[in-house]
Amino acid sequence: MRLLEYQGKELFAEAGIPTPTGKVAQTVEEAVAIMRANPAPSVVKAQVLIGGRGKAGGIKFANDERDVVEPAKAILGMNIKGEIAKRIWLEQRVDIAKELYLSITVDRQSKRPIIIASAMGGMDIEEVAATHPDGIAKYRIDPAMGYWPFVGRRVAKEAGIPKEVTAQFVDILGKLYKLFFDIGAMLVEINPLAITKDGRLIASDAKVDIDDNGLFRHPELEAWKTDLPSDPLEERARKTGLAYVHLDGDVGIIGNGAGLVMGTLDAVKAAGGEPANFLDVGGGAKADIVREAVNIVTADPKVKSLFINIFGGITRGDEVAKGLVEALGGGGWSKDKLVIRLTGTNEKEGRAVLQANGIKSVETMNEGAKQAVALARA
Amino acid sequence: MRLLEYQGKELFAEAGIPTPTGKVAQTVEEAVAIMRANPAPSVVKAQVLIGGRGKAGGIKFANDERDVVEPAKAILGMNIKGEIAKRIWLEQRVDIAKELYLSITVDRQSKRPIIIASAMGGMDIEEVAATHPDGIAKYRIDPAMGYWPFVGRRVAKEAGIPKEVTAQFVDILGKLYKLFFDIGAMLVEINPLAITKDGRLIASDAKVDIDDNGLFRHPELEAWKTDLPSDPLEERARKTGLAYVHLDGDVGIIGNGAGLVMGTLDAVKAAGGEPANFLDVGGGAKADIVREAVNIVTADPKVKSLFINIFGGITRGDEVAKGLVEALGGGGWSKDKLVIRLTGTNEKEGRAVLQANGIKSVETMNEGAKQAVALARA
Amino acid sequence: MSIYLNKKSIVLVQGITGREGLYHATRMRAYGTNVAGGVTPGKGGQTVEHFSVFDTVSDARARTGADTTVIFVPPPFAADAILEAADAGIGLIICITEGIPVHDMLKVMSVIPDSTRVIGPNCPGIITPGEALAGIMPGHVFSAGRVGLISRSGTLTYEIVDQLTRAGIGQSTCVGIGGDPIIGTVFVDCLRAFERDDATDAVVVVGEIGGTDEEDAADLIRRKHVSKPVVAFIGGRSAPEGKRMGHAGAIVSGSGGTAKAKIAAFESVNVPVADSPADIPSLIARALKLPARV
Amino acid sequence: MSIYLNKKSIVLVQGITGREGLYHATRMRAYGTNVAGGVTPGKGGQTVEHFSVFDTVSDARARTGADTTVIFVPPPFAADAILEAADAGIGLIICITEGIPVHDMLKVMSVIPDSTRVIGPNCPGIITPGEALAGIMPGHVFSAGRVGLISRSGTLTYEIVDQLTRAGIGQSTCVGIGGDPIIGTVFVDCLRAFERDDATDAVVVVGEIGGTDEEDAADLIRRKHVSKPVVAFIGGRSAPEGKRMGHAGAIVSGSGGTAKAKIAAFESVNVPVADSPADIPSLIARALKLPARV
């Protein structure tokens, strides 16, 4: 669950990490009211998850309540690379002397949280890594040890953080680690971590990505979910526990297991087709889940054919077949625009159900992919 | 810092560990008021640190506000093995079906916290250990791993905790470990951990000993210190940062380093004397600390001679000599009832100061011990 | 021979009284696995489908001599189950559970002893065809033979194994290492084990986008730690950047972790990468110079 | 030869700009120790008494090749200092600081690698007479020789060493392991090291009440892991039960940990226990069959 800047900054503030004073607005009127209450030179920032909002015109300035009308109007509703800015964040400007970079993410290789810091902040860290590898300090924390101040001092030294702000840096990093740990984050990033002209460190931006698997421990974040940009079908799938990703093609795809579904997408592409989606029914899906999966995929008007590819392990073929029959019975989709390939656990029982309902099945994934692409073109 | 039962139970309650409803009283009037507000069959318990208060008559019963007068009168001010009960704890009686034992302490050998549990609670655990070693379960927790529910399940199984209360036991143990860890305890003990007739687990007693070295992280406990029984000289020494223990003999002893002071006590005993105290000025003591040490030891009217035994490492001989001269200059003690042995760091400078002030010194610890014992007898 | 699991393995099922746990315990036993019983706290002493149930892993191990466990426990309790097994001295811990918080696994992997092997979580388990199955794989698609397989994906594994079996190429051991960002056993571990295994002649590596597990495997081969032939497949080549594709692990970001980078890494150490699962049998046959039956 | 410390050791002082740190750094250098510099966060680049000061141990180690550190840092920051040294790859960490919270040391010892040796905390350090001193011991009472010494007490050590030196019995290495409940190196560790050390012929163990370190040492001897003669002294024999005597470690409770139990443990493995520090030289002389000079 990736958070918007204003949500991340709220978490930062709760964690004791200094952030500029700011407020979020959904309308021009709200923006005006905020500026009236706090008349100060401010930054108006589009609240979107997509990167590069600055270049797209999603960041503007305002000095007072009259001044904010134009930028607020311009940004609210702005389409930034396909994402609509539904909110703006108004925050008081700080005089910045220098910009640093600081983040913590999960390093799969070492199986540890990794701190990444640089005295070259404000730009894309991957670009810094490519052009100035020595300008980046990395430290993998043993989760059993946790964060200790020496880690911050070592990182600060290696990243070339100015000595005058090292103590603040060590303190902020400790709080950031605690937040990362407490909230179960995959990423917490401050870019830029600004040094103000009067020598204070302050988080100018906030990027927080929380592990979806750990969200059940944070019911307090539930309210924020509705503020996040989402695809209606992805949202519907999420509620059923299905992993659905909306894509641009016309061949609907349902499978079980992320690897197999990805392999199926690859096969459809290799057969000259364009997948309309990724949908993984997961392990052990029952008939009702399969029915809902068919309904979600076929609710996309671009979908012209549907390829269901099931290799049963924990998922049982008969359950898949039953769910499919139920979905087709509901009248939402025709069996003529459908290719199914069913093998593995209870495949015989599943195929019997399909045959009894006049649904034909194919033997291999590549064959299914070809037929599905052909059906979409028909 | 060992806590009184009522203090321990307050910590338990904050930690979510079930305890009987109770209140503390310093006077009979307070006890009556408490019983008036909460008229229920209650236990009246002397708040002392020393063990065996039950056998000494420090635990009595009362049913109402009139009923409490006698027990409160009897217990308040009671001398239990030398410790005066200044407070009583009044708690509502619970119907107990069975008593368990549960504690966490620090195991030096494994360098880990150790959980000790038994289905045989309510008695001295060391006696249980001696007579029924199989009736005790021990588990050493890796502090890096921390407490996980499986630890509680394993301990419960091995200790023979009844199955019906295992889930409660696992929960209480988790909370007890968190308290142990958060408060920096050397010991948290619940004996007995009662199973009530209606199947609930409840902490009938509470013993908490907090690591003195970690107390600076818990300023909130400062207020409780004044409620704890203490020797006025020990209290005075504590404020100066000196380790002083009041004993029963007549040879006052000051040294640097716990081991050397203990060795000095042993030497005085071996020479046929009785140490009046243990006083360790610690490492690197300055003149003012030494002066205060002399004043504290000689404030005990039983002290007849004083033996100062310094082997300088971090402590410097000249500082010790200066402090001693200052103390004697104050007139509190005569150099005739004093034996000093000074060697190690800056011993020459120290001896020069002593000589200049007419204070004689001995060469060895055993010689010093003999002279000090002789002086006490003179 | 085989790696990690064989017919002598004594297997427990944690969460055996749950629906999935019991279902798969029964299937494992039917496959021939020595399932010695299971663990469900509070249900010790019961019997389900002739399996003995114990309250704790420690108790179960003491009474059965189990050396392996397969975990079917809901995500909030799975880390506790893994640590319980490790604490009880179980040497091979296979965690099937999907949806365990990443931070739970960070903690688990940081405190678990080096001598304990964890496979998964979010994995289909491990099978040594003809000997034992510890997991949820459909046993009938596997066949005994001399090709090892390691995969980040469950169903894609079955797909590929099915192709191998149909082509007459049997498997020594197949390990589903799981699709989560933090997993106990990675490609490199399995490659080292297969290299030492007398019963394995070649290895199939089934990777996918995200992480650098495949690049690490290629690096191991580059450093000459693997002498046996390896062939690979990478799933998710058509996945758009920045989209999460089901597996928490399978998200493409940055230049590392793309299918392109992984394929290039393998090709740079002369590991052929199949375009489709269907091509794997012929690549293996070529690597082992088998008769051209496929 | 010697154990842990010798003239080649390159020593850092953490907290070198503090009063005690600087004082003892100077004394160590005067003794002949190779003190390569010190660490004080925020003061890197400065020089004190000709010692280079670094911001981090990692930096100091990279620039000096240090393998040993002596820590003089206030108690709230000492655990951080120990972990910093371990993280930077320092192999021998001597923590002088008194008053570190026990829970800090529990944490430190649970995460520190086995390859890192911690001595202390609340200890006087270690000395290999004539070669190097890393700690706060008064160097002049020590003399080079072939008797090793391990002690839980600082000043009692000086007392005993003084007796040995006066009796003409020199020391190979003397280790003050510290008086806290949780310490990095215990008697058993040192006994094993002295057993392997060619330069040591016999060992003096200076114990005190509390804990079971002495009993563990006796047990090691019982299990025939120590072939060299050992003599012992136990401080605190006259301490009343339940009274805390300065050292957090020295509190008598239960049957384990009393002076009586410790003396009995040593005597049961034929380790003579001295009644007074003054008796130790003669016990050593007898054990080594030295000429009756003492």
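None of these values were measured; they are calculated from a predicted model.

## A closer look at the overall build of chain A
Within chain A, the regular secondary structure consists of 13 helices and 18 strands. Oriented by its inertia axes, the alpha-carbon framework of chain A measures out at about 75 × 50 × 40 Å. Out of the 378 residues belonging to chain A, those deemed buried represent 57%. Sequence-distant contacts in chain A: of pairs separated by 6 or more residues, those separated by 24 or more amount to 68%. On chain A, roughly 15500 Å² of surface is accessible, and the fraction owed to carbon and sulfur atoms is 50%. In chain A, which carries 49 positive and 51 negative side-chain charges, the distance between the mean positions of the two groups comes to 2 Å.

## Description of the pairing of strand β6 (residues 88–92) of chain B
All names here are of chain B. Of all five residues that make up β6, four are buried, and the element is covered over most of its length. Both strand β1 (residues 22–25) and β6 contribute to a ladder of four bridges, which runs antiparallel. Its bridge partner lying in β6, Lys23 is registered against Leu90. Across five bridges, the pairing between strand β2 (residues 42–46) and β6 is antiparallel. Each residue of the ladder has a partner; that of Ala46, found in β6, is Ile88.

## As for the packing of aromatic side chains
With the rule as written, the count across this model stands at eight aromatic pairs over all chains. Look at A:Tyr177 and A:Phe180: their rings are 6.2 Å apart centre to centre, the planes differ by 35 degrees, and that puts the pair in the tilted class. Note that A:Tyr177 and A:Phe180 are positioned in helix α6 (residues 166–183) at a spacing of three residues, about one turn of the helix. Chaining the aromatic ring pairs together yields one cluster made of A:Tyr147, A:Tyr177, A:Phe180 and A:Phe181. Across the ring face of C:Tyr23, the terminal group of A:Arg316 is positioned such that the distance to the ring centre comes to 3.9 Å. The ring of C:Phe51 carries C:Arg29 above its face, with NZ or CZ at 3.8 Å from the centroid.

## What to know about the domain arrangement of chain C
All names here are of chain C. You can read the domains of chain C as domain 1 (1–122) and domain 2 (138–294). Contact residues are listed per partner, giving 17 residues for domain 1 and 22 residues for domain 2. On the surface where domain 1 and domain 2 come into contact, there are zero salt bridges. The interface formed by domain 1 and domain 2 holds eight residue pairs in polar contact (both at pLDDT 80 or more) in total. Going through the elements one at a time, α1 (19–31), α4 (102–111) and β7 (117–119) are the ones with two or more residues in the side of domain 1 that touches domain 2.

## Examining helix α4 (residues 102–111) of chain D
Summarising burial for α4(D): nine of the ten residues are buried, a large majority. Within α4(D), the full set of buried residues consists of D:Val102, D:His103, D:Asp104, D:Met105, D:Leu106, D:Lys107, D:Val108, D:Met109 and D:Val111.

## Overview of the sheet that holds strand β9 (residues 132–135) of chain C
Residues and elements named next belong to chain C. Strand order in this open sheet of seven strands is β9-β8-β11-β10-β12-β13-β14, and the pairing throughout is mixed. In the strand order of this sheet, the two ends are held by β9 and β14 (273–274), each with one partner. Pairing of strand β13 (residues 230–235) with β14 involves two bridges; the strand directions are parallel. If you follow Phe233 over to β14, its bridge partner there is Ala274. The strands that helix α6 (residues 187–196) touches are β10 (144–151), β11 (171–176), β12 (202–208) and β13; relative to β10, the one it contacts most, it runs at about 160 degrees. Strands β12, β13 and β14 of the sheet are contacted by helix α8 (residues 259–268), whose axis makes an angle of about 175 degrees with β13.

## Concerning unusual backbone geometry
That bond from B:Asn191 to B:Pro192 is cis: its omega, 5 degrees, falls within 30 degrees of zero. Checked against the element boundaries, B:Pro192 lands in strand β10 (residues 185–196). Looking along the chain, the bond that leaves D:Gly120 and enters D:Pro121 is cis, with omega of 10 degrees. Within the secondary structure layout, D:Pro121 lies in the loop between β7 (117–119) and β8 (125–128).

## A word on helix α9 (residues 280–288) of chain C
All names here are of chain C. Among the residues of α9, Ile280, Pro281, Leu283, Ile284 and Ala285 are the ones counted as buried. Of the surrounding elements, those touching the buried residues of α9 are β10, α5 (154–166), β12, β13 and β14. Lys289 occupies a position one or two residues after α9 and carries a positive phi of about 55 degrees.

## As for the interface of chain A and chain C
Listed per partner, the contact involves 52 residues of chain A and 59 residues of chain C. In this assembly, chain A packs against chain C so that about 4300 Å² is buried in total across both faces, 57% of it on carbon and sulfur atoms. Considering only the side of chain A, the residues that lose the most area to chain C are A:Arg108, A:Lys111 and A:Phe311, jointly responsible for 18% of the buried surface there. There are three salt bridges connecting chain A and chain C. When residues of the side of chain A that touches chain C are assigned to their parent elements, the largest contribution, seven residues, is made by helix α9 (residues 258–270) of chain A. Grouping the amino acids of the side of chain A that touches chain C by side-chain chemistry returns 20 nonpolar, 14 polar and 18 charged.

Rules used in this analysis
- Residues numbered from 1 in each chain as written.
- Chains lettered and ligands numbered in written order.
- Predicted model: local features only at pLDDT ≥ 70, side-chain atom pairs only at ≥ 80, totals over all residues.
- Heavy atoms only, no water.
- Helix = DSSP H or I, 4+ residues; strand = E, 2+ residues; numbered from the N terminus.
- Buried < 20%, exposed > 50% of the residue type's maximum accessible area, 1.4 Å probe, protein only.
- Contact = heavy atoms within 4.5 Å.
- Areas by Shrake-Rupley, 256 points an atom, 1.4 Å probe, with all protein chains shown as cover.
- Lys, Arg positive; Asp, Glu negative; His and termini not counted.
- Charge placed at Lys NZ, Arg CZ, Asp CG, Glu CD.
- Pairing = 2+ DSSP bridges.
- Phe/Tyr/Trp six-rings, centres within 6.5 Å; stacked < 30°, edge-to-face > 60°.
- Lys NZ or Arg CZ within 6 Å of the ring centre and 35° of its normal.
- Domains from an automatic or database assignment.
- Salt bridge = Lys/Arg side-chain N within 4 Å of Asp/Glu carboxyl O.
- Polar contact = N/O pair within 3.5 Å; in protein donor to acceptor, adjacent residues only side chain to side chain.
- Axes fitted to C-alpha atoms, helices over the stretch in contact; angles between N-to-C directions.
- Buried area = accessible area lost by both parts, 1.4 Å probe.
- Nonpolar A, V, L, I, M, F, W, Y, C, P; charged D, E, K, R; others polar.

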